[in-house]
Amino acid sequence: MFLAKRNEVLEVFFKCRKKITSQSLVIPEKIATHPAWIRLEDQVDWYDNKSECSQQWYKVLKLVQIVLAVSIPVLTHFEMSITKWIIAFAGALIAVLEGVQHMNQYSTLWVTYRSTAERLKHEKFLFLSMAGPYRELDESARLTLLAERVEEHVSTEHANWINETRTQPVPREKGNK
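Residues numbered from 1 in each chain as written. Predicted model: local features only at pLDDT ≥ 70, side-chain atom pairs only at ≥ 80, totals over all residues. Heavy atoms only, no water.

**Re the packing of helix H4 (residues 83-104) against helix H5 (residues 106-129)**
- Relative orientation of the contacting elements H4 and H5 amounts to 40°, with a least axis distance of 6 Å. Judged by residue contacts, Val100, Gln101 and Asn104 of H4 engage Tyr106, Ser107 and Leu109 from H5.
- Partitioned by chemical class, the residues of the contact of H4 with H5 number three nonpolar, three polar and no charged. (Axes fitted to C-alpha atoms, helices over the stretch in contact; angles between N-to-C directions. Helix = DSSP H or I, 4+ residues; strand = E, 2+ residues; numbered from the N terminus. Contact = heavy atoms within 4.5 Å. Nonpolar A, V, L, I, M, F, W, Y, C, P; charged D, E, K, R; others polar.)

**Focus: the pattern of salt bridges**
- On inspection of all chains with the given rule, the structure shows nine salt bridges.
- Here Lys121 ties to Asp48 by a salt bridge, and the two come within 3.9 Å at their closest N and O atoms. Here the residue Lys121 occupies a position in helix H5, and Asp48 occupies one in helix H3 (residues 35-75), the gap between them amounting to 73 residues.
- Judged by relative accessible area, Asp48 falls into the buried class, the value being 10%.
- The shortest N-O distance in the salt bridge between Lys121 and Glu118 comes to 3.4 Å. On the criterion of helical spacing, the pair formed by Lys121 and Glu118 is a turn pair, its members being three residues apart in helix H5.
- Taking relative accessible area as the criterion, Glu118 reaches 37% and is therefore assigned partly exposed.
- Residues joined in a network through salt bridges with shared partners are Asp48, Arg114, Glu118 and Lys121. (Salt bridge = Lys/Arg side-chain N within 4 Å of Asp/Glu carboxyl O. Buried < 20%, exposed > 50% of the residue type's maximum accessible area, 1.4 Å probe, protein only.)

**Quick notes on the nonpolar core**
- In this structure, Trp37, Leu40, Leu120, Phe127 and Leu146 are the most contacted members of the largest nonpolar core, which totals 19 residues.
- Mapped by element, the contributors of at least two residues to this core are H3, H5 and helix H6 (139-167).
- Tallying contributions element by element places H5 first for this core, with six residues.
- Once you skip the residues sitting within four places of it in the chain, Leu40 turns out to touch Leu120, Lys124, Leu146 and Val150. (Core = buried A, V, L, I, M, F, W, Y, C linked by side-chain atoms within 4.5 Å.)

As structure tokens, then:
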């Protein structure tokens, strides 16, 4: 009984996580081979993968930091001579992990890349539904508009990334003012 219920819960969980991909949609060959569509698919995959990777790094770094932080008060109750070194190492490692997170901005990249991936997916479904700006356009005009709008989304994200990296202080060399 318990195993059947567990399997049912897992099945529902994995159904919820199932992604709708263009492979599950029927895309006419003329569209599927057009450079605008290929670029859209490529960018959706890239941003989706980078978002997932940034999310994983962020969560792993934070989880390790939490485990280390929680272990410090527990370790103070042990009377072994090595305990103070373990505590010092844990504290230092927390600082290093936070520094790595801050330098690589995994949290920010996770959200930014996810947002761009979702905007591109939205564009894809507007295009496929012939809705929004694609309404009442012939196929050639729709594909041209798709190319322009995809590049607009990608270049906007890229410009935002450049602005983010420029706002971080750059260390000056000695002698330069």
